[in-house]
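Examining the three-dimensional arrangement
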Amino acid sequence: MTALHYTCPLCNLPLVAQDKLYRCENNHSFDRAKENYLNLLPVQFKHSKNPGDNKAMVNARRAFLEQGYYQPLVDRLVALYHEKVTPDANKTDIVLDAGCGEGFYTHQHKSAENTVYGVDIAKEAIKKAGKKYQQCNFSVATLSKLPFSDKLFSWIVSVYAPILEQEFTRVLSNGGFLLTVTPAKQHLMQLKQHIYNDAKEHDEEKLPIEHLALVHQENISYPMQLKTGQDTLNLLSMTPFAFKASDEVKNTLLNKPDFTCQADFLIRLYQKAP
Ligand SMILES: C[S@@+](CC[C@H](N)C(=O)[O-])C[C@H]1O[C@@H](n2cnc3c(N)ncnc32)[C@H](O)[C@@H]1O
Ligand SMILES: [Zn+2]
């Protein structure tokens, strides 16, 4: 791992790597864990003992994503990245997956020419990401205070994760892009119908970004044929409505063969002024 771009979360000075130790000039130091990640979330930044997604959620998401159900989405994200950011022989292109979870989207952005970072507040997720995808740089950190200097990234991708416009804008290079994926109207409607009597469509109107220019928008929509009841339960546990599902509903879903559910994603691409 060559982590040349991290800054100290305590004083914002650059972190310099000495073997497994990353240190700033003020002598704040951070160890690289054996699973190949940096913990850059000082205790005073934590609002709970284990912030972010827990181990069960992380395991369910990895199991679901590895079945390929969201591959059409990630293929499109990576295609947009290569379409918009052309490699420059004089400058390494730097990518951030903000709220990267277990690194499923992060590692698919890696190419021979770029450097890719993934940040998430959930240690369990980053541990899994660092261990599996050695070619990317992962850190436990908060999106509200990213451990990077200003204007570093030419591409930030945010998939179903909190969008912090001011901080993302700070670390974007001039002319850099922010790609967000949020649920579109029909996303997981059939699953919701098992949970709510009056399942409502997602509200697509709300634009989370106010000051960057919206340069492109599209929907990706397709039916997913879930192969097993366990896949359906894994998908359920990735949703914000999972806690509403009774044991009875979970049991019904677990024993339901050939469950078809709509994937409906909204992709928005923003650009910082060149
Ligand atoms: C729904 S998950 C999406 C994960 C991944 N992008 C994916 O689609 O597989 C949202 C992620 O945001 C992370 N998260 C939530 N609040 C955060 C914060 N303040 N800073 C960093 N990560 C955060 C959670 O830990 C979780 O991994
Ligand atoms: Zn420091």
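Summarised in this report is the structure supplied together with it. This structure is a prediction, so every number in the text was calculated from the model and none was measured. (Residues numbered from 1 in each chain as written. Chains lettered and ligands numbered in written order. Predicted model: local features only at pLDDT ≥ 70, side-chain atom pairs only at ≥ 80, totals over all residues.)

1. Observations regarding the overall build of the protein
Secondary structure assignment for the protein yields 7 helices and 11 strands. In terms of C-alpha radius of gyration, the protein reaches 19 Å, essentially the compact-globule figure of 19 Å for 274 residues. Each of the three principal axes of the protein carries a C-alpha extent, and together these read 55 × 40 × 30 Å. The buried share of the protein, taken over its 274 residues, is 37%. Taking all contacts inside the protein whose residues are at least 6 apart in sequence as the whole, residues at least 24 apart take part in 63%. (Helix = DSSP H or I, 4+ residues; strand = E, 2+ residues; numbered from the N terminus. Rg over C-alpha atoms; globule rule 2.2 N^0.38 Å. Buried ≥ 20, exposed ≤ 12 C-beta atoms within 10 Å, placed from the backbone. Contact = placed C-beta atoms within 7 Å.)

2. Overview of the sheet that holds strand β3 (residues 29-31)
Overall, antiparallel pairing links the 3 strands, which are arranged β1-β2-β3 in an open sheet. Of all strands in the sheet, those bounded by a partner on one side alone are β1 (16-18) and β3. Across the sheet, the mean angle from the axis of one strand to that of its neighbour is 25°, orientation sign disregarded. (Pairing = 2+ DSSP bridges. Axes fitted to C-alpha atoms, helices over the stretch in contact; angles between N-to-C directions.)

3. A closer look at the pairing of strand β5 (residues 93-98)
Taking burial as the measure, the 6 residues of β5 include 6 buried ones, the bulk of the element. Going residue by residue along β5, you find Asp93, Val95 and Asp97 tucked away on one face and Ile94, Leu96 and Ala98 tucked away on the opposite face as well. Of the strand pairs in this sheet, β5 and strand β6 (residues 114-120) are connected by 6 bridges, and their pairing is parallel. Its bridge partner lying in β6, alanine 98 is registered against valine 119. Strand direction decides the pairing type here: β5 and strand β8 (residues 153-159), joined by 3 bridges, are parallel. Opposite leucine 96, over in β8, you have isoleucine 156 as the bridge partner.

4. What about the site of ligand 1?
Taken together, 19 residues sit near ligand 1, with Gly52, Gly99, Gly101, Ile121 and Ala122 positioned nearest. Considering only residue class, the shell around ligand 1 consists of 11 nonpolar, 5 polar and 3 charged. (Near = placed C-beta within 6 Å. Nonpolar A, V, L, I, M, F, W, Y, C, P; charged D, E, K, R; others polar.)

5. Things to note about the nonpolar core
Ranked by internal contacts, the top residues of the largest apolar core, which has 61 residues, are Leu96, Phe153 and Ile156. Take this core: its biggest share by element is 5 residues, from β8. If we ignore the near neighbours within four places in the chain, the residues touching isoleucine 156 are Leu96, Ala98, Phe168, Leu172 and Leu178. (Core = buried A, V, L, I, M, F, W, Y, C linked by C-beta atoms within 7 Å.)

6. Description of the environment of glutamine 271
Checked against the element boundaries, glutamine 271 lands in strand β11 (residues 259-271). Here the alpha-carbon distance between glutamine 271 and threonine 169, two residues 102 residues apart in the chain, equals 9.4 Å. Not counting residues within four places of it along the chain, the set of residues in contact with glutamine 271 comprises Gly175, Phe177, Leu212, Ala213 and Val215.

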